[in-house]
Amino acid sequence: MGRLLGYHVTYKVVKVADERVDSEEMATMTVDGPDVLHTEITGLKSYSSYVVQVAGFTSKGNGLLSVEVTGDTCRCPAVFNTNWAELPPYVTKSVHSQSPQGIIGSFVEEMLLDSCGVCKAHGHTFLNFNTNGKGGAAHKTTLNEVILDVNNKTAISFPTAISFPVTGAMDDDKFQRYYVFVPMVESPGIAFITVGQKDGSKNIVISTLLKYLPLHLFCLMMAFVAGTIIWALETTRDDGFAHSFIKGAFEGFWISFTSMTTVGYGDKVLVGFWSRLFAVAWILAGLVVASVLTGALAASLTFYTIEKDVMLYGSKVTALTDSPAHRLGVRRNALIRPRGTLQEAYKSLGQGEVNGLLLDAYIAGSHSIKDLFDQQLRVKEVIKLPKGFGVVLSGEAMRLQKRVRDYIRNNAGLITKMIENSTTPLQQPEKSEAEERTTKLFSVESLLFHEVLFALLQALGAAVLCGLVLEAIHKLRARRKNALPEGHGRARLMAQRNEMLKTVQNFHESFRQLYLDLTYKSVQEFRNFEEERNRRKQSRKNT
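What counts as what
Residues numbered from 1 in each chain as written. Predicted model: local features only at pLDDT ≥ 70, side-chain atom pairs only at ≥ 80, totals over all residues. Heavy atoms only, no water. UniProt positions renumbered as here; feature names shortened; annotations may be inferred. Helix = DSSP H or I, 4+ residues; strand = E, 2+ residues; numbered from the N terminus. Axes fitted to C-alpha atoms, helices over the stretch in contact; angles between N-to-C directions. Parallel < 35°, antiparallel > 145°, perpendicular 65-115°, else oblique. Left-handed = near helix turned anticlockwise from the far one by under 90°. Contact = heavy atoms within 4.5 Å. Nonpolar A, V, L, I, M, F, W, Y, C, P; charged D, E, K, R; others polar. Salt bridge = Lys/Arg side-chain N within 4 Å of Asp/Glu carboxyl O. Buried < 20%, exposed > 50% of the residue type's maximum accessible area, 1.4 Å probe, protein only. 1 Å grid on protein atoms, 1.4 Å probe; cavity = no way out; pocket = protein on both sides within 12 Å on 5 of 7 lines; lining within 4 Å. Points joined across faces, edges and corners; volume = space filled by probe spheres on them. Disulfide = S-S within 2.5 Å.

In the annotation of an unreviewed UniProt entry, the protein chain is listed under the name Fibronectin type-III domain-containing protein and assigned to Pocillopora damicornis. Quoted verbatim from the Subcellular location (unreviewed entry) heading of the UniProt record, the comment on the protein chain is "Membrane".

**Brief notes about the UniProt feature "transmembrane region" (unreviewed entry) in the protein chain**
UniProt records the feature "transmembrane region" (unreviewed entry) at residues 212–233, 245–265, 277–306 and 452–473, using the numbering of this structure. Annotation note: span residues 212–233, helix share 95%, strand share 0%, distance between end C-alpha atoms 32 Å.

**Focus: the packing of helix H1 (residues 102–116) against helix H10 (residues 401–410)**
Contact geometry for H1 and H10: axes closest at 9 Å, N-to-C directions at 125°. Accordingly, the angle class assigned to the pair H1 and H10 is oblique. Crossing of H1 over H10 shows right-handed handedness. The segment H1 lies against H10, with Phe-107, Glu-110, Met-111, Leu-112, Asp-114 and Ser-115 engaging Arg-403, Val-404, Tyr-407 and Ile-408. Taken together, the residues of the contact of H1 with H10 sort by class into six nonpolar, one polar and three charged.

**Topic: the pattern of salt bridges**
Per the stated rule, a full pass over the model turns up ten salt bridges. For the salt bridge of Arg-533 with Glu-530, the shortest nitrogen-to-oxygen distance reads 2.7 Å. One end of the pair is Arg-533 and the other is Glu-530, both in helix H14 (residues 488–542) and three residues apart, which spans about a single turn. The salt bridge involving Arg-535 is made with Glu-532; its shortest N-O contact spans 2.3 Å. Of the two residues, Arg-535 and Glu-532 are both situated in helix H14; the distance of three residues between them amounts to about one turn of the helix. Exposure remark for Arg-535: the relative accessible area of 49% places this residue in the partly exposed category. Where salt bridges share partners, they join Lys-402, Asp-406 and Arg-409 into one cluster.

**Some words on empty space enclosed by the protein**
Considering all chains together, one arrives at four cavities of 30 Å³ or more under this definition. Considering only enclosed or pocket space, the largest cavity measures out at about 110 Å³ in volume. Lining the largest cavity we find 15 residues, and of these Ser-323, Pro-324, Ala-325, Asp-360 and Phe-389 sit closest to its centre. Taken together, the elements giving at least two residues each to the lining of the largest cavity come down to helix H7 (324–331), strand E16 (356–360) and strand E18 (387–393). In terms of residue count, the dominant contributor to the lining of the largest cavity is E16 (three residues). When the residues that make up the lining of the largest cavity are grouped by side-chain class, the tally is ten nonpolar, three polar and two charged.

**A closer look at the state of the cysteines**
Under the definition given, this model contains two disulfides. Here Cys-74 engages in a disulfide with Cys-119; their sulfurs sit 1.6 Å apart. Linking Cys-74 in the loop between strand E6 (69–72) and strand E7 (79–85) with Cys-119 in the loop between H1 and strand E8 (126–128), this pair joins segments that are 45 residues apart in sequence. The exposure class assigned to Cys-119 is buried, which follows from its relative accessible area of 8%. Here Cys-76 engages in a disulfide with Cys-116; their sulfurs sit 1.9 Å apart. Its S-S torsion of about -85° marks the bond between Cys-76 and Cys-116 as left-handed, since a negative value means left-handed. Taken as a pair, Cys-76 in the loop between E6 and E7 and Cys-116 in helix H1 lie far apart in primary sequence, 40 residues in all. Cys-116 gets classed as buried once you look at its relative accessible area, which sits at 5%. If the cysteines joined by disulfides in the protein chain are listed in sequence order, their pairing comes out as 1-4, 2-3.

Here it is, written out as structure tokens:
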């Protein structure tokens, strides 16, 4: 048979990821030397089962094959690199460790370690969250960078195991046809967020008054013309209005304006027939003019409460680049302005560059981005989408998809609990935006009310202070007048007092003398009257 020269080791894969493979061909490795009893087969697939047979060979040919021996390779290599981006609450960056946290981030490491198991050669697989499979940074700034990194087809030959978070349909199992997509969390929908209008009630009222200033002037002009006619009709009477045009026309304007506004103070009364007849016609016309002005002001304020209502169609909105919200905005014909990060999106919304923000509802309710919210932000609607966030397995990690899916299914309760702890359910407002604007415009909490109240309190305080000062000055002057001055002033005051006393006494004496004279004359007249009456009675008796 010849001298033993070495061995032929034949092997083939029969299972990959616990799935039987029948089409694999046998591979052969030659081991030279009859004394070599140990060898290492390289280039084997991970997470695979191989059958191995050995046959010695001589110069005459191969000997008989040994009995088949089955061996399993490690499920995972010693190191798996990653590719990830921060997106609260799905993935957050920890300040205490290099491992990402969040609904997805906190499960990634344990999920892969559980799926990989313990290898006899290198032990547990190490997940590298700092470096990706191409030697670059694993931590990306935006989701779009993560997707672009995954989309590079050459990544299949590099040990980048997992990329997250990545969006896709909940029933998808492939990502870009080359990679394995494993959904972990179903999105509750896309929230359409707008910025509530700031309290601009002051500007609104002022702008409305200025807008209808010509109408105000028109009403005043009509009242002045009517007042002039009333003055012309009443000035023919001596007890009517003033004959002066300036004074009389103003009086006519006053009564015309008070009649138009139905106030009617009653300080002026029309007496003439023609003026009263004209007043009836003017009151009817004035009511119409005043109603037109009032209706225009009310309509302008009412229009303000509804004209600002933002709808998705045709509005300028922002969203995260290449996210489901981005694609939804495109499908709804919104003028989409995508941004790479949440900070940039909220900044665009806050600075008024866009009218709304499309964002995953869990992201909008995340505890980690509460500081990005402003109290004026409100959710217009939540649009349901059959989308979710998950992980993309690439390279050798693709063979772990069954174990990864089983792990997610077995830990669905923990994922739900993580969602509850990481998010706050979005509450739809009880009032519509129009109702809130209407309430804010005339509310005691509005800026206009506070400014007017502050101005009135200042005016009231100034009026009370001025009144107290004037009252003090008045009392001080009265006290000085009542006080008797000394020296020359006192003598002059006494002289004035004596002169006035003398005048009063003279008046008293004159009045007393006049009273006595009148009394005497009255008595004399009464006596003469009695004597004449008696004389006439006696004369009638004698006749």
